[in-house]
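# Structural features, examined
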Amino acid sequence: MTCSPTMADQYQYTNEEKIVKDSHTKEIDLINRDPKQINEDVVKVEFEDVIAEPDGTHSLDGVWKLSYTTFTVSKYWCYRILSAVFGIPVALLWGFLFACISFCHIWAVVPCIKSCLIESQCISRIYSLCIQTFCDPFFEALGKIFSSVRVALRKEV
């Protein structure tokens, strides 16, 4: 049984579509949300990192415990509320920014660099040709002239 061109084209199209769809529906890890540890030492602030009482200057134990609880709970809920309200708009802005950076890099920076490399290869060939044509014979002649010069070092006492 032979496959008609339309079936082959359709099969190819569905495979490409599947690949594109898979790249956009990447599974995310809801447990480990910083797998590359980019915020390991930046925003990992605990109560003990901010508030500390040295020996000889202690508040009441109840105040210390309540301060700890207040700090921890307020930090937790403030972050959750801020991320709920601003997380999606900020993610949209960052996505837009990185899309613009990627666009500029792909469509402007890399082609410009490639163009400069192509032009510099052309110029380097012309430069090399000029050196070989004009400078090499001159320095070869100087080398032949000075090749018969003998230097002898004598130590006079």
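Thresholds applied
- Residues numbered from 1 in each chain as written.
- Predicted model: local features only at pLDDT ≥ 70, side-chain atom pairs only at ≥ 80, totals over all residues.
- Heavy atoms only, no water.
- Helix = DSSP H or I, 4+ residues; strand = E, 2+ residues; numbered from the N terminus.
- Buried < 20%, exposed > 50% of the residue type's maximum accessible area, 1.4 Å probe, protein only.
- Areas by Shrake-Rupley, 256 points an atom, 1.4 Å probe, with all protein chains shown as cover.
- Expected span 1.5 Å × (residues − 1).
- Bend = angle between axes of the 7 residues up to and from the residue.
- 1 Å grid on protein atoms, 1.4 Å probe; cavity = no way out; pocket = protein on both sides within 12 Å on 5 of 7 lines; lining within 4 Å.
- Points joined across faces, edges and corners; volume = space filled by probe spheres on them.
- Nonpolar A, V, L, I, M, F, W, Y, C, P; charged D, E, K, R; others polar.
- pLDDT = per-residue confidence, 0-100.
- Contact = heavy atoms within 4.5 Å.
- Patch = residues over 30% accessible without salt bridge, like charges linked within 9 Å, V, L, I, M, F, W, Y side chains within 5 Å.
- Salt bridge = Lys/Arg side-chain N within 4 Å of Asp/Glu carboxyl O.
- UniProt positions renumbered as here; feature names shortened; annotations may be inferred.
- Phe/Tyr/Trp six-rings, centres within 6.5 Å; stacked < 30°, edge-to-face > 60°.
- Lys NZ or Arg CZ within 6 Å of the ring centre and 35° of its normal.
- Disulfide = S-S within 2.5 Å.

### Details of the overall build of the protein
Along the backbone of the protein there are three helices and zero strands. Secondary structure elements in the protein, listed N-terminal to C-terminal, are α-α-α. The buried share of the protein, reckoned over its 157 residues, is 1%. Accessible surface for the protein amounts to roughly 15300 Å². Of this, 67% is attributable to carbon and sulfur atoms.

### Topic: helix α3 (residues 61–146)
For α3, with 86 residues, the first-to-last C-alpha span of 92 Å runs short of the 128 Å given by 1.5 Å per residue. The principal kink in α3, of about 50°, is found at F86, preceding the proline P89 by one to four residues.

### Describing the layout of surface pockets
Its volume calculated, the largest pocket comes out at about 980 Å³. Tallied by class, the residues present in the lining of the largest pocket amount to six nonpolar, two polar and seven charged.

### Quick word on the confidence of the model for the protein
Here the protein shows a mean pLDDT of 85. Residues at 70 or above account for 84%. Ranking the elements of the protein by mean pLDDT puts helix α1 (residues 5–24) last, at 51, and α3 first, at 94. Every residue in residues 7–11 is under pLDDT 50, and counting partners more than four places away or in other chains gives one contact.

### Points about the environment of T69
For T69, the position within the fold is in helix α3. Separated by 22 residues in the primary sequence, T69 and F47 have C-alpha atoms spaced 9.1 Å apart.

### A word on a nonpolar patch on the surface
On the surface, V73, Y76, W77, I81, L82, V85, F86, V90, W94, L97, F98 and I101 cluster together into a nonpolar patch covering about 1200 Å² of accessible area. Mapped onto the secondary structure, L97 falls in helix α3. Classification of L97 as partly exposed rests on a relative accessible area of 37%.

### Looking at the UniProt feature "transmembrane region" (unreviewed entry) in the protein
Feature annotation in UniProt places "transmembrane region" (unreviewed entry) on residues 81–108, given in this structure's numbering. Helix and strand shares over residues 81–108 are 100% and 0% respectively, and the end C-alpha atoms of the span are 40 Å apart.

### Considerations on the packing of aromatic side chains
Per the stated rule, a full pass over the model turns up seven aromatic pairs. Grouped by ring-pair contacts, the aromatic residues F47, W64, Y68 and F71 constitute a single cluster. One residue, R80, lies across the ring of W77, its end atom 5.8 Å from the ring centre.

### Here we look at unusual backbone geometry
Negative phi characterises most residues that are not glycine, and trans characterises most peptide bonds. Even without being glycine, Q37 reaches a positive phi, approximately 50°. Tracing the backbone through its elements, the reader meets Q37 in the loop between α1 and α2 (47–50).

### Concerning the state of the cysteines
Put plainly, two cysteines are in a disulfide when a covalent bond ties their sulfur atoms together. Within this structure, the stated rule accounts for zero disulfides. Its sulfur unpaired, C130 is 8.6 Å from the next cysteine sulfur, which belongs to C135. The exposure class of C130 is partly exposed, given its relative accessible area of 37%.

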